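Chain and residue survey
Below, each chain spelled out in residue letters.
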Amino acid sequence: MQDFVYTGLAMRVVFGSGTMARLPEEVKGLGRSRALVLSTPPQAAQAEALAASLGDLAVGTFTAAAMHTPTDVTARAVAKAREVGADCTVAVGGGSTTGLGKAIALATDLDQIVVPTTYAGSEMTPILGQTEGGLKTTQRSPKILPEVVLYDVDLTLTLPAGLTATSGMNAIAHAVEALYAQDRNPIVSLMAEEGIAALARALPRLVAAADDREARSDALYGAWLCGLCLGSVGMALHHKLCHTLGGSFDLPHAETHTVVLPYATAYNAPAAPDAMARIARALGSTDAATGLWDLAGRLGAPRSLHALGLPESALDRAADLATANPYWNPRPIERDAIRSLLAQAWAGDVPRGAEPCAAA
Ligand code: NAD
């Protein structure tokens, strides 16, 4: 028998195809009537269209959301929200736009509706990562958790194949670490295994045909479950490595998760056999780490830190940073072993401890 604590996250989720049409009633359902619509610059046209569809319920757009939520962008967005008298935000986009909505909520207490268009999963967490002067800090607060998440499969049809693959692997990473989290529990583990399986089924189909609506639905469902894992239990070595590589070496978020995940999994394999068995089962593989590495290969995703532009000379510093103030991890964090993990990830070798097997 396993004792555990499960804390549910209070939010409303609407999932389906064409669900954007329900946005006006969701705004009204919150008792709000003055929405500020948020996006990144490339998704500005989508934000404008969405604001137009809200009619009188929208009071403007702010389309300058940026990766890692820079605080100067947030300050401009908060000023805009105040200027137009917004009483809620609608964030349409990936983790960057969701991050901006969360930062505005933290500063102003405005309600948030999030309309995710990637698989990053930020919409399911009470966590905000933001950057100031090149330094990334993370905080957790109930104020940060969105009130409503509206998943519309149709909005993910435009996600390019490359981002589909890496964003999907980013989602899988949340579920992998949830399965061996210190505070894991049977409910979150169910979601984790189901989330990995749904994404592992869907992603290869989407790389072949980006407009496969059934696979898009499976992928978004999987991403939701994986995001819930991220919001519900603590993350470990893999997320620490990615935060280090993203924060200190400016590597791209989803791609870094994709490259590092098989190696972090191989590192933890001896200390978390039950989690490994569940990950392998969800992937339809005999080995968790190799299964993840094979999946990334089949998706044509990057599989080495070298390919992401990290110089080999950065590995020592990366190992130092990743082992300073480590997150809890099932296997103790040893600096030399982490340096060796990073060297493997840099070269894109088969994750150690696993036999090479067919990969595209
Ligand atoms: P992103 O939000 O930066 O999006 C990447 C690019 O893809 C952007 O230009 C965006 O406009 C575009 N895009 C998004 N959806 C699209 C679509 N359907 N079609 C075409 N283009 C589309 O990337 P991301 O990977 O979703 O998010 C990464 C950010 O989210 C990072 O800053 C990361 O730290 C953060 N994040 C935070 C949490 C959390 O819990 N706080 C969780 C996961 C990620």
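Values in this document were obtained by computation on a predicted structure and should not be read as measured data.

1. A short note on helix α7 (residues 213-232)
With 20 residues, α7 extends 28 Å between its outermost C-alpha atoms, agreeing within 8% with the 28 Å of an ideal straight helix rising 1.5 Å per residue. Between the side-chain oxygen at the start of α7 and the backbone nitrogen of Glu214 there is a gap of 3.3 Å, and the oxygen is on Asp212.

2. Details of the pattern of salt bridges
Summed over all chains, the structure comprises 12 salt bridges. Between Arg213 and Asp154 there is a salt bridge whose closest N-O contact spans 2.7 Å. Taken as a pair, Arg213 in helix α7 and Asp154 in the loop between β8 (148-152) and α5 (161-179) lie far apart in primary sequence, 59 residues in all. For Asp154, a relative accessible area of 26% gives the class partly exposed. Among the ionic pairs, Asp212 bridges to Arg205, the shortest N-O distance being 3.1 Å. For Arg205, a relative accessible area of 36% gives the class partly exposed. Each of Asp316, Asp320, Arg335 and Arg339 takes part in one network of salt bridges that share partners.

3. Remarks on the packing of α5 against helix α9 (residues 253-268)
Packing of α5 against α9 brings their axes to within 8 Å, and their N-to-C directions diverge by 35 degrees. Handedness of the α5/α9 crossing: left-handed. For the pair α5 and α9, the contacting residues are Thr166, Ser167, Met169, Asn170, Ile172, Ala173, Val176 and Glu177 in the first and His253, Ala254, Glu255, His257, Thr258, Leu261, Thr265 and Asn268 in the second. Of the residues belonging to the contact of α5 with α9, the class tally is 6 nonpolar, 8 polar and 2 charged.

About the cut-offs
Residues numbered from 1 in each chain as written. Predicted model: local features only at pLDDT ≥ 70, side-chain atom pairs only at ≥ 80, totals over all residues. Heavy atoms only, no water. Helix = DSSP H or I, 4+ residues; strand = E, 2+ residues; numbered from the N terminus. Expected span 1.5 Å × (residues − 1). Polar contact = N/O pair within 3.5 Å; in protein donor to acceptor, adjacent residues only side chain to side chain. Salt bridge = Lys/Arg side-chain N within 4 Å of Asp/Glu carboxyl O. Buried < 20%, exposed > 50% of the residue type's maximum accessible area, 1.4 Å probe, protein only. Axes fitted to C-alpha atoms, helices over the stretch in contact; angles between N-to-C directions. Left-handed = near helix turned anticlockwise from the far one by under 90°. Contact = heavy atoms within 4.5 Å. Nonpolar A, V, L, I, M, F, W, Y, C, P; charged D, E, K, R; others polar.

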